[in-house]
Structure formats: C-alpha cells, structure tokens
Amino acid sequence: FYNGNVPLLFESIMKADFDYPEEYWDHISDDAIDFIDSLLIPEPKQRLTAKQALTHSWLKNAPSTPLKKVGSTMENYTNSYRSQTSGPSS
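Residues numbered from 1 in each chain as written. Predicted model: local features only at pLDDT ≥ 70, side-chain atom pairs only at ≥ 80, totals over all residues. Heavy atoms only, no water.

**Comments concerning the overall build of the chain**
Next, step 1: Helices and strands together make up the secondary structure of the chain, namely 6 helices and 0 strands.
Next, step 2: Counting from the amino terminus, the chain carries its helices and strands in the arrangement α-α-α-α-α-α.
Next, step 3: The C-alpha atoms of the chain give a radius of gyration of 18 Å, which is well past the 12 Å a tight globule of 90 residues would have.
Next, step 4: Expressed as lengths along the three principal axes of its C-alpha atoms, the size of the chain is roughly 50 × 40 × 30 Å.
Next, step 5: The buried share of the chain, taken over its 90 residues, is 10%.
Next, step 6: The long-range fraction of contacts in the chain, counting pairs at least 24 apart against all pairs at least 6 apart in sequence, stands at 28%.
Next, step 7: Put simply, the chain shows about 8000 Å² of open surface, and 56% of that area lies on carbon and sulfur atoms.
Next, step 8: Looking at charge distribution, the chain has the averaged site of its 8 positive side-chain charges lying 15 Å from that of its 12 negative ones. (Helix = DSSP H or I, 4+ residues; strand = E, 2+ residues; numbered from the N terminus. Rg over C-alpha atoms; globule rule 2.2 N^0.38 Å. Buried < 20%, exposed > 50% of the residue type's maximum accessible area, 1.4 Å probe, protein only. Contact = heavy atoms within 4.5 Å. Areas by Shrake-Rupley, 256 points an atom, 1.4 Å probe, with all protein chains shown as cover. Lys, Arg positive; Asp, Glu negative; His and termini not counted. Charge placed at Lys NZ, Arg CZ, Asp CG, Glu CD.)

**Considering the confidence of the model for the chain**
Next, step 1: Taken over all residues, the pLDDT of the chain has a mean of 86, while the share at 70 or more is 94%.
Next, step 2: Looking across the chain, the model is least confident in helix 6 (residues 70–85), with a mean pLDDT of 84, and most confident in helix 4 (residues 50–54), with 94. (pLDDT = per-residue confidence, 0-100.)

**Remarks on the packing of aromatic side chains**
Next, step 1: Overall, the coordinates contain 4 aromatic pairs when judged by the stated rule.
Next, step 2: Ring geometry for Y77 versus Y81: centroids 6.4 Å apart, planes at 20°, classification stacked. You can see Y77 and its partner Y81 sitting in helix 6, 4 residues apart, about one turn around the helix.
Next, step 3: You can call Y77 exposed: its relative accessible area is 54%.
Next, step 4: Given a relative accessible area of 46%, Y81 falls into the partly exposed group.
Next, step 5: Grouped by ring-pair contacts, the aromatic residues F18, Y20 and W25 constitute a single cluster. (Phe/Tyr/Trp six-rings, centres within 6.5 Å; stacked < 30°, edge-to-face > 60°.)

**Re helix 3 (residues 30–39)**
Next, step 1: What helix 3 keeps buried is the set A32, I33, F35 and S38.
Next, step 2: Contacts made by the buried residues of helix 3 are with helix 2 (22–25), helix 4 and helix 5 (57–60).

**Observations concerning the pattern of salt bridges**
Next, step 1: All chains considered together, the criterion is met by 1 salt bridge.
Next, step 2: Taking the shortest distance from any N to any O, the salt bridge between E11 and K15 comes out at 3.1 Å. Taken as a pair, E11 and K15 lie in helix 1 (residues 6–15) at a separation of 4 residues, close to a single helical turn.
Next, step 3: Note on E11: relative accessible area 39%, which makes it partly exposed. (Salt bridge = Lys/Arg side-chain N within 4 Å of Asp/Glu carboxyl O.)

**Considering the environment of T49**
Next, step 1: With respect to the secondary-structure elements, T49 resides in the loop between helix 3 and helix 4.
Next, step 2: Between the C-alpha atom of T49 and that of L39, which follows or precedes it by 10 residues, the distance is 8.3 Å.

**Some words on unusual backbone geometry**
Next, step 1: We note that A16 has phi near 55°; this positive angle belongs to a residue other than glycine.
Next, step 2: Inspection of the secondary structure puts A16 in the loop between helix 1 and helix 2.

In structure tokens, the structure reads:
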C-alpha cells in the first residue's frame with residue numbers, strides 16, 4: 001500500500017485495494033502472491049485462518065532455510081531501539 005495522502009492510504013488499506021508493481025514484485029512467485037492475497041482479505045470470515053495459512057502450498061512447498069544469525073540480529077535491533085527510545089538518563 002502506498003499513497004502520499006494519508007486518508008486515501010487508510011481507505012485503500014480498509015478496502016484491501018492494492019497491487020503488485022512489477023518493479024518490486026516481478027521476482028515473487030504466483031504462489032507467494034496468492035498467499036499474501038489470502039491474508040489481506042478485508043472480511044475476516046473469508047480470510048485464511050492461521051491454521052489454514054500454515055497449510056497453504058507456498059509454505060508447504062517452501063525450501064527449508066536455516067535462520068542463521070537471527071537471534072543476534074534481533075538482539076542488536078532491540079538494543080538499538082531501546083537506546084533510541086529511552087532518552088537521556090536522569
């Protein structure tokens with residue numbers, strides 16, 4: 001979602017009015033886009049549940065990818081965020 005006009009942006013979000021510009025999405029598989037579309041349905045009863053999402057073909061067919069350095073990266077991010085938001089010490 002993108003719109004420089006905030007009220008129109010929120011309107012687009014609420015309507016799930018979005019597209020996939022080729023310059024950003026051309027390399028993304030149709031199955032991945034279908035997964036995203038299935039999660040962004042405005043009507044909750046029509047949207048995938050968490051259980052259904054976990055059985056989507058995009059997740060089921062995804063290669064196993066080890067998440068190296070995720071813990072240390074998240075810790076660094078958290079520490080950086082905390083130092084920015086804590087302000088000067090009294």
